[in-house]
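So the chains spell out like this:
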Amino acid sequence: MTLESSAPPLIFGGTAQSPRAALPTLPPLALYIHIPWCVRKCPYCDFNSHTASPVLPEEEYVDALLADLDQDLHAVYGRELSSIFFGGGTPSLFSAEALGRLLKGVEQRIAFASDIEITLEANPGTFEQEKFVAYRKLGINRLSIGIQSFQEEKLKALGRIHNGDEAVRAAGMARQAGFDNFNLDLMHGLPDQSLDDALGDLRQAIALKPTHLSWYQLTLEPNTVFWNQPPTLPEDDTLWDIQEAGQALLAEHGYAQYEVSAYAQPGRAARHNLNYWSFGDFIGIGAGAHGKLSHPDGRIVRTWKTRLPKDYLNPAKSFQAGEKALTNEELPFEFLMNALRLTEGVESHLYPQRTGLTLESLAEGRREAEQSGLLQVEPSRLAATDRGQLFLNDLLQKFLT
């Protein structure tokens, strides 16, 4: 699940003339693996996913993923992986044998941290007890289950292939398979959804006792069916009521909000996603995957891979579709648009440590944001206020020239 932007460069006040130092230490390193096939494409989905054929090219795709990784190894020599995330698409369509061969191949190329977090995205319609027991034996130790809703009419409107009972059973099967750490993905602001509907979904999710909940509002994205044929969504007042009541309900049951749409029990925040939001490094392999790697000399490079599966599997075509070294002008936005999503922000020293730029380069924008009540007045941290979290775009604008 990558959220990389291909937006044009943005210029930040004071940064263009700021020298960039070599990085004193490199950030944690993660691996994102994209498996692009789904049983059916959902009408709201703008991720790189494609309807699966009856027989998936598992062997060929695993071969391609490992060859893709081989081409990135020169940039991460001597480093170890702190987390791996299988995203999609629906990675749980792949067999345990295929994922096992892939994980073994990855570990032969890059060392795993002793406490590595390995997450697999799965949908209730793909749950098979035997398969998920096998996944757990491979070392996959975290699941992210795409529920979205437990209500039949809402699931039908969203084009999901499962029903509410299957969603409930999926959480139970995950626990029986040995997963004591799993996330449930849940949407609100669904077509014709009331406050009671949204809270009913949330109560059902909490009753399943996941360690983590991703609870986020449905948005209409370009190049989706919903964008071209928009459903009737709740009014803004209803959306606000849902947000306030839902956050209170989650807090009441011990789920602390640590990011805009992420809630976790103590010690169960998603380490892979925390790495994204704190401007860590990650290799991206698979069709359409994005990556970001820092180099000791201060260079920070984003990469993106060939998007269409048929092209990715074509030996005549390159895995990498492009790369871009981030400029001093782009780095503040790249860092802040992630770090300020975290409810507690990040320690201020992380900015120069991860970008090579000085804190002074943010001074003017920081002062304006604090005076506007959008940024906390706390020298040792870069963190949005509650108001800043609600108006994050306005907060980021304070750093634009």
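Up top is the structure these notes are about.
What you are looking at is a predicted structure, and each value in this text was computed from that prediction instead of being measured.

J.: Summarise a nonpolar patch on the surface; cite the residues concerned and give the values.
T.: Where nonpolar side chains cluster on the molecular surface, the patch consists of Trp240, Leu390 and Phe391 and spans about 310 Å² of accessible area. Within the secondary structure, Leu390 sits in helix 14 (residues 386-390).

J.: If you had to explain the pairing of strand 7 (residues 182-188) to someone new, which residues and values would you point to?
T.: Of all 7 residues making up strand 7, 7 are buried, and the element is well covered by its neighbours. Burial of the side chains of strand 7 extends over both faces: Phe182, Leu184, Leu186 and His188 are buried on one face and Asn183, Asp185 and Met187 on the other. When strand 6 (residues 142-148) meets strand 7, the two strands line up parallel, connected through 5 bridges. In the sheet register, Gln148 faces strand 7, and the bridge partner there is Leu186. Sheet topology note: the strand 7/strand 8 (residues 212-217) ladder contains 6 bridges and is parallel.

J.: Explain the pattern of salt bridges to me, using residue names and the numbers behind them.
T.: Scanning the entire structure with this criterion turns up 16 salt bridges. The salt bridge involving Asp70 is made with Arg109; its shortest N-O contact spans 2.6 Å. Remark: Arg109 occurs in helix 2 (residues 96-109) and Asp70 occurs in helix 1 (residues 58-72); sequence separation between them is 39 residues. In this structure, a network of salt bridges that share partners links the residues Glu59, Asp63 and Arg101.

J.: Tell me about the nonpolar core, and name the residues and values.
T.: If you look at the biggest cluster of nonpolar residues, it comprises 66 residues, and the most contacted ones within it are Ile84 and Phe86. The contacts of Ile84, once residues within four sequence positions are left out, are Leu31, Ile33, Leu103, Val106, Phe112, Ile116, Glu117, Ile118, Thr119 and His272. Membership of the second largest hydrophobic core comes to 35 residues, among which are Tyr32, Phe279, Ala289 and Val346.

J.: Summarise the packing of aromatic side chains; cite the residues concerned and give the values.
T.: Applying the stated criterion to the full structure yields 13 aromatic pairs. An angle of 45 degrees between the planes, with centres 5.5 Å apart, marks the rings of Tyr61 and Tyr312 as tilted. You can see Tyr61 sitting in helix 1 and its partner Tyr312 sitting in helix 10 (residues 309-312), a full 251 residues away along the chain. Overall, the relative accessible area of 0% leaves Tyr61 in the buried class. Looking at Tyr312, the relative accessible area reads 1%, which means it is buried. Each member of the aromatic cluster is reached from another via a ring pair, and the members are Trp37, Tyr61, Phe94, Tyr312 and Phe319.

Analysis parameters
Residues numbered from 1 in each chain as written. Predicted model: local features only at pLDDT ≥ 70, side-chain atom pairs only at ≥ 80, totals over all residues. Heavy atoms only, no water. Patch = residues over 30% accessible without salt bridge, like charges linked within 9 Å, V, L, I, M, F, W, Y side chains within 5 Å. Areas by Shrake-Rupley, 256 points an atom, 1.4 Å probe, with all protein chains shown as cover. Salt bridge = Lys/Arg side-chain N within 4 Å of Asp/Glu carboxyl O. Helix = DSSP H or I, 4+ residues; strand = E, 2+ residues; numbered from the N terminus. Buried < 20%, exposed > 50% of the residue type's maximum accessible area, 1.4 Å probe, protein only. Pairing = 2+ DSSP bridges. Core = buried A, V, L, I, M, F, W, Y, C linked by side-chain atoms within 4.5 Å. Contact = heavy atoms within 4.5 Å. Phe/Tyr/Trp six-rings, centres within 6.5 Å; stacked < 30°, edge-to-face > 60°.

The analysis is restricted to geometry; functional conclusions fall outside its scope.
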